[in-house]
Amino acid sequence: GDSVTQMEGPVTLSEEAFLTINCTYTATGYPSLFWYVQYPGEGLQLLLKATKADDKGSNKGFEATYRKETTSFHLEKGSVQVSDSAVYFCAEETSGSRLTFGEGTQLTVNP
Amino acid sequence: DAGVIQSPRHEVTEMGQEVTLRCKPISGHDYLFWYRQTMMRGLELLIYFNNNVPIDDSGMPEDRFSAKMPNASFSTLKIQPSEPRDSAVYFCASSLDRGPGNTIYFGEGSWLTVV
């Protein structure tokens, strides 16, 4: 079945460092792709999304570009903050609004 | 606007007891999802409904789990009897069907511990 693979965590960075979290998907066709973020003790929140190839999703300084040729949707941020510490989930939409999530990547940003 | 509302937020119960988790989706949303999150298995989709009708329950672990959606504003996930391995965070989520790329909105989760 369809699956999403994220780079293994945890990831620990210093404030203002550059962040990349890799994500690849397996669904055929052109599934919509998402990044969700989960802060401690909370549910998941949509961070950004892209619905077609070459689209770039962006929000709060985070970006991800839908790359059909490499089936990837890597998350990037140029300068992370302590408040970005959270778990990040990549997801693909398989059918009928149903999402398949990756394993999640724990990010810790130290001051 | 209120988001997805789940109750209880935390529950500790003894093995063998019945557990009922409740969810109120965002008003007007067509889809409702129940997910389970554990350290070992990550986020798993248990079941989802479209317009109150169960569409796919293939993720429900076994017969001890059941879910209902009697109306558009309420759903329950029941575990009977509960076992320690059911300890997890259970998330309810909902979305509006607008075609590809729908945003799914999650509740804050019900943290279940079975001892």
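What you see as residue numbers is a count from 1 along each chain, following the sequence as written. Here every chain gets a letter starting at A, and every ligand a number starting at 1, in the order they are written. The predicted nature of this model means local features are confined to residues of pLDDT at least 70 and side-chain atom pairs, given and counted, to a pLDDT of 80 or more, with totals for whole chains, interfaces and linings taken over all residues. Only hydrogens and water are set aside when side-chain values are computed; all heavy atoms of the structure are taken into account.

(A) Quick peek at the pairing of strand β9 (residues 88-95) of chain B. Residues and elements named next belong to chain B. In this scheme, a residue with accessible area under 20% of its type's maximum is buried, one over 50% is exposed, and one in between is partly exposed, where area comes from a 1.4 Å probe on protein chains only. Where helices and strands are cited, they refer to DSSP runs of H or I of at least four residues and of E of at least two residues respectively, numbered from the N terminus. Counting buried residues along β9, 8 of its 8 residues qualify, which places the element largely inside the surrounding structure. The alternating pattern of β9 places Ala88, Tyr90, Cys92 and Ser94 and Val89, Phe91, Ala93 and Ser95 on opposite faces, both of which are buried. A strand pair is defined by DSSP finding two or more bridges across the two strands. By the bridge criterion, 7 bridges tie strand β4 (residues 31-38) to β9 in an arrangement that is antiparallel. When the sheet's bridge partners are listed, Trp34 is paired in β9 with Cys92. Of the strand pairs in this sheet, β9 and strand β11 (residues 110-114) are connected by 3 bridges, and their pairing is antiparallel. Residue pairing in the sheet places Val89 in a bridge with Trp111 of β11. In the sheet, β9 pairs with strand β10 (residues 105-106) via 2 bridges, with the strands oriented antiparallel. Across the sheet, Ser94 pairs through a bridge with Tyr105, a residue of β10.

(B) Representation of the nonpolar core in the model. Residue types Ala, Val, Leu, Ile, Met, Phe, Trp, Tyr and Cys, when buried and joined through side-chain atoms within 4.5 Å, form a set referred to as a nonpolar core. Of all hydrophobic cores here, the largest spans 26 residues; its most connected members are Leu19(A), Trp35(A), Leu47(A), Leu48(A), Phe73(A), Leu75(A) and Tyr88(A). Among the elements of the structure, β2 (11-14), β3 (19-21), β4 (23-25), β5 (33-38), β6 (44-50), β8 (62-65), β10 (86-95) and β12 (105-110) of chain A are those that each provide at least two residues to this core. The contact criterion used throughout is that any non-hydrogen atoms of two residues lie within 4.5 Å. Leaving out residues up to four positions away in the same chain, Tyr88(A) has contacts with Gln6(A), Ile21(A), Trp35(A), Tyr36(A), Val37(A), Leu47(A), Phe62(A), Leu75(A), Gly104(A), Thr105(A) and Leu107(A). Of all hydrophobic cores here, the second largest spans 21 residues; its members include Phe65(B), Met69(B), Tyr90(B) and Val114(B).

(C) Focus on the pattern of salt bridges. Residues and elements named next belong to chain B. By salt bridge we mean one thing: a side-chain nitrogen of Lys or Arg within 4 Å of a carboxyl oxygen of Asp or Glu. The final tally for this structure, using the stated rule, is 13 salt bridges over all chains. A salt bridge links Lys78 to Glu18; the nearest nitrogen and oxygen atoms lie 3.9 Å apart. Here Lys78 is found in strand β8 (residues 74-79), whereas its partner Glu18 is found in the loop between β2 (10-13) and β3 (19-24), with 60 residues between them in sequence. For Glu18, a relative accessible area of 43% corresponds to the partly exposed category. As a salt-bridge pair, Arg85 and Glu62 come within 3.3 Å of each other at their nearest N and O atoms. Here the residue Arg85 occupies a position in the loop between β8 and β9, and Glu62 occupies one in the loop between β6 (53-56) and β7 (65-71), the gap between them amounting to 23 residues. Three or more residues are tied together by salt bridges with common partners; here these are Glu62, Arg64, Glu83, Arg85 and Asp86.

(D) A look at the sheet that holds β8(B). Residues and elements named next belong to chain B. In space, the 4 strands of this open sheet follow the order β1-β3-β8-β7, with antiparallel pairing throughout. Each of the sheet's edge strands pairs with one partner strand only, and the pair in question is β1 (5-7) and β7. Between one strand axis and the next, the sheet turns through 15° on average, direction left out of account. Across 5 bridges, β3 lies against β8 in antiparallel orientation. What sits directly across from Cys23, in β8, is Ser75. Axis definition: a line fitted to C-alpha atoms, over the contacting stretch in the case of helices. Angles run 0 to 180 degrees between N-to-C directions.

(E) Representation of the packing of aromatic side chains in the model. Between 30 and 60 degrees the pair is tilted, below 30 it is stacked and above 60 it is edge-to-face, where a pair is any two Phe, Tyr or Trp rings, Trp via its six-membered ring, whose centres lie within 6.5 Å. A complete count under the given rule lists 14 aromatic pairs over all chains for this structure. Pairing Tyr31(B) with Tyr48(B) gives two aromatic rings, centres 6.2 Å apart and planes at 35°, and the pair type is tilted. Of the two residues, Tyr31(B) is situated in strand β4 and Tyr48(B) in strand β5 (residues 42-50); the sequence distance between them amounts to 17 residues. For Tyr31(B), a relative accessible area of 8% puts it in the buried group. Counting every residue linked through ring pairs, the aromatic cluster contains Phe34(A), Tyr36(A), Phe89(A), Phe101(A), Tyr31(B), Phe33(B), Tyr35(B), Tyr48(B), Phe91(B) and Phe106(B). The criterion for a charge sitting over a ring is simple: Lys NZ or Arg CZ within 6 Å of the ring centre, and within 35 degrees of the ring normal. Sitting above the plane of the Tyr30(A) ring, Lys68(A) keeps its charged end 4.6 Å from the centroid.

(F) A look at the side chain of Asp86(B). Residue and element names in this part refer to chain B. Relative to the assigned elements, Asp86 resides in the loop between β8 and β9. By relative accessible area, which is 1% here, Asp86 ends up buried. Sequence-distant contacts of Asp86, that is, excluding residues within four places in its chain, are made with Arg36, Arg64, Phe65, Ile79, Pro81, Leu112 and Val114.

(G) Focus on unusual backbone geometry. Residues and elements named next belong to chain B. In this structure, the amide linkage connecting Ser7 to the following residue, Pro8, adopts the cis form with an omega of -10°. Relative to the helices and strands, Pro8 is located in the loop between β1 and β2. Of note, the amide linkage connecting Gln80 to Pro81 takes the cis form, showing an omega dihedral of -5°. Among the structural elements, Pro81 can be located in the loop between β8 and β9.

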